[in-house]
Amino acid sequence: MTASRWRPYPYRDNSLNLFRLVLAALVLVAHSYYIYGAGEGPHLHGENLGGWAVAGFFVLSGFLITRSRIRTEAGPYLLHRIARIFPAFIVCLLVIAFICGPIAMLLERGSLSGYFSTPTTPFQYVWSNVTLYIDSYTIGSTLDSVPYAGVWNGSLWTLFYEFACYIIVWVLGGLALFRRNAILVGGVFILSLAAWILLPALERFGLDQSFGLLAKLAPFFFGGALVYFLIDRQGLNTTLALVGLAASTLLIAFVPRWGGQAAAPFLAYGLLWLSAVVPQPRWIARNDVSYGFYIYAWPVQQLVILSGGAALGLPLYMIAAGAFTLLLAWASWVAVERPAMLRVRPRGGHLRPPETLVGPSRAA
């Protein structure tokens, strides 16, 4: 891609599946230190490697979800988002409660005695978490012999806040101003960034931890949403992308606490440019296994530890856990995620009329 030229973003031929899988793998690496019992691992400004990977997820999600809302009517948009998140999530809860939990119980205690009756029971675990808001992390007395005791999935909590951003975009998408230009989304990005910067003061008004987590993650999402309007209208420019990557690196490295959130638009533009120039394997292009990898990594990591995986050493433990997770992620994609999305795929009439679209998407 010539530095001085602007090129349309290749919506049908990019490496976003690969980039999201790499981000999910970085979350596994970050969590491996805790689950293995090897300390906290690499950190920057109090955030571990997994937290920065989640930031990458959110900026890419903001870009893609905004495009989806602009191109899709309100009802189908919401149905698509539900189909993408909930079926695989609910199946994951069931797998943890009724497959992983019993395996752990047998490995730790040699029997299933009391498994279905000791709080938190597997049924309680599924029911209390089914709305995406993770209220229960434990199941009975399982995982009480591992370094990171009692926690069956420490990754799922972010899904509630991602879906909250989906809902905000769903509401904004009903406004003509949202579809015309970036002013509205830009205002939301600034407000979300201000909420995170001013959070210590806002907490004095009784706002809880849940608000704080949304304030922390929303600027990444809406930074990606803001960049959608620039890329969809102007396309990609190599020079601007390199400047964006440099600016985001400087902000993240040298501005504690809110530098990452402020860098979100620059980070989004840089990552999207990379996804347009870096090729991905054909198998990954056909199989978007990143979501399944993300939701299954933690329970797999716990079971590998219970099965004696600590004896492998930390690097081999990460590789073994990653391999098993990838198998489950592929099964989730083939058996749950792809079929769910195919059932709600538009068969005509779901996309907005061309006159409501802007930029390159209008000709798509």
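All values derive from a computational prediction rather than experimental measurement.

Rules used throughout
- Residues numbered from 1 in each chain as written.
- Predicted model: local features only at pLDDT ≥ 70, side-chain atom pairs only at ≥ 80, totals over all residues.
- Heavy atoms only, no water.
- Helix = DSSP H or I, 4+ residues; strand = E, 2+ residues; numbered from the N terminus.
- Rg over C-alpha atoms; globule rule 2.2 N^0.38 Å.
- Contact = heavy atoms within 4.5 Å.
- Areas by Shrake-Rupley, 256 points an atom, 1.4 Å probe, with all protein chains shown as cover.
- Lys, Arg positive; Asp, Glu negative; His and termini not counted.
- Charge placed at Lys NZ, Arg CZ, Asp CG, Glu CD.
- Axes fitted to C-alpha atoms, helices over the stretch in contact; angles between N-to-C directions.
- Parallel < 35°, antiparallel > 145°, perpendicular 65-115°, else oblique.
- Left-handed = near helix turned anticlockwise from the far one by under 90°.
- Nonpolar A, V, L, I, M, F, W, Y, C, P; charged D, E, K, R; others polar.
- Salt bridge = Lys/Arg side-chain N within 4 Å of Asp/Glu carboxyl O.
- Buried < 20%, exposed > 50% of the residue type's maximum accessible area, 1.4 Å probe, protein only.
- Core = buried A, V, L, I, M, F, W, Y, C linked by side-chain atoms within 4.5 Å.
- Phe/Tyr/Trp six-rings, centres within 6.5 Å; stacked < 30°, edge-to-face > 60°.
- Expected span 1.5 Å × (residues − 1).
- Polar contact = N/O pair within 3.5 Å; in protein donor to acceptor, adjacent residues only side chain to side chain.
- pLDDT = per-residue confidence, 0-100.

Visitor: What am I meant to see in the overall build of the protein chain here?
Guide: Within the protein chain one finds 15 helices and four strands. Its C-alpha radius of gyration of 21 Å places the protein chain within 12% of the 21 Å reference for a compact globule of 364 residues. When its C-alpha atoms are laid out on the principal axes, the protein chain stretches across 65 × 50 × 50 Å. Of the contacts made within the protein chain by residues no fewer than 6 positions apart, 79% connect residues no fewer than 24 positions apart. Carbon and sulfur atoms make up 67% of the accessible area of the protein chain, which amounts to about 16,200 Å² in all. In the protein chain, 24 positive and 14 negative side-chain charges are present, and the distance between their average locations comes to 14 Å.

Visitor: Got a minute to help me understand the packing of helix α1 (residues 16-36) against helix α2 (residues 49-71) in this structure?
Guide: Two measures define how a pair of helices packs: the angle their axes make with one another and the distance between the axes. Running from N to C, α1 and α2 point in directions that differ by 155°, and their axes come no closer than 7 Å. One finds that α1 runs roughly antiparallel with respect to α2. Helix-helix and strand crossings are classified by hand; for α1 and α2 the assignment is left-handed. Counted together, L16, F19, R20, L23, A24, L26, V27, V29 and A30 of α1 and L49, G50, A53, V54, G56, F57, L60 and L64 of α2 form the full contact between these two elements. Among the residues making up the contact of α1 with α2, the classes are represented as 14 nonpolar, two polar and one charged.

Visitor: How do you make sense of the pattern of salt bridges when you look at a structure like this?
Guide: Side chains carrying opposite charge are able to pair once their charged atoms draw close together. Within this structure, the stated rule accounts for five salt bridges. Salt-bridge contacts for E47 lead to K216; the nearest nitrogen and oxygen are separated by 2.6 Å. Within this pair, whereas E47 is found in strand β3 (residues 47-48), its partner K216 is found in helix α9 (residues 209-234), the two being separated by 169 residues in sequence. Note that R109 is salt-bridged to D144, the shortest N-O span being 2.5 Å. Linking R109 in helix α3 (residues 74-109) with D144 in the loop between α4 (122-129) and α5 (158-172), this pair joins segments that are 35 residues apart in sequence. Exposure remark for R109: the relative accessible area of 43% places this residue in the partly exposed category.

Visitor: Explanation requested: the packing of α2 against helix α12 (residues 264-277) in the structure shown.
Guide: For the pair α2 and α12, the least separation of the axes is 9 Å and the interaxial angle reads 80°. In terms of axis orientation, α2 runs roughly perpendicular to α12. Note on element contacts: α12 touches α2 through A264, L267, A268, L271 and L272, opposite G56, V59, L60 and F63.

Visitor: Would you explain the nonpolar core in this entry?
Guide: Nonpolar side chains tend to gather and get buried jointly when the protein is soluble and globular. Ranked by size, the top nonpolar core spans 98 residues in total, and within it W152, F222 and I295 carry the most contacts. It is α3 that provides the largest number of residues to this core, a total of 13 residues.

Visitor: Just checking my understanding: could you explain the packing of aromatic side chains for this structure?
Guide: Aromatic ring pairs: the centre-centre distance and the angle between the two ring planes describe each pair. As enumerated under the stated definition, the model contains 22 aromatic pairs in all. Between the aromatic rings of Y133 and F160, the centroid separation amounts to 5.0 Å while the plane-to-plane angle is 80°, which identifies the pairing as edge-to-face. Of the two residues, Y133 sits in the loop between α4 and α5 while F160 sits in helix α5, which places them 27 residues apart along the sequence. On the basis of an interplanar angle of 75° and a centroid distance of 5.4 Å, the ring pair of Y228 and F229 is categorised as edge-to-face.

Visitor: Looking at this model, I keep getting lost on helix α10 (residues 238-254). Mind explaining?
Guide: Within an α-helix, residues lying three or four positions from one another point in the same direction, as the helix has 3.6 residues per turn. In this model α10 runs 24 Å from its N-terminal to its C-terminal C-alpha over 17 residues, within 8% of the 24 Å that 1.5 Å per residue would give. If you check which residues of α10 are buried, you get T238, A241, G244, A247, S248 and I252. Residues of α10 that are buried make contact with β2 (43-44), α2, β4 (236-237), α11 (259-262) and α12. Where α10 begins, the side chain of N237 points an oxygen toward the backbone nitrogen of T239, at a separation of 3.0 Å.

Visitor: Honestly, the environment of W273 in this entry has me stumped. Any pointers?
Guide: Mapped onto the elements of the fold, W273 is located in helix α12. Overall, W273 belongs to the buried group, its relative accessible area being 11%. For the pair W273 and Y77, spaced 196 residues apart in sequence, the C-alpha separation works out to 26 Å.

Visitor: Is there a simple way to think about the confidence of the model for the protein chain in this case?
Guide: Note that predicted coordinates carrying low pLDDT should not be read in detail. Confidence in the prediction of the protein chain, expressed as mean pLDDT, is 94, and 94% of residues score 70 or more. Predicted confidence is poor over residues 353-364, with pLDDT under 50, and the contacts of this stretch with residues over four places away or in other chains come to 22 contacts.

Visitor: Would you explain the side chain of N14 in this entry?
Guide: Structurally, N14 is set in the loop between β1 (6-7) and α1. For N14, a relative accessible area of 15% gives the class buried. Of the polar contacts made by the side chain of N14, one reaches the backbone nitrogen of L16; its length is 3.1 Å. What N14 contacts, discounting residues up to four positions off in sequence, is Y9, S275 and Q280.

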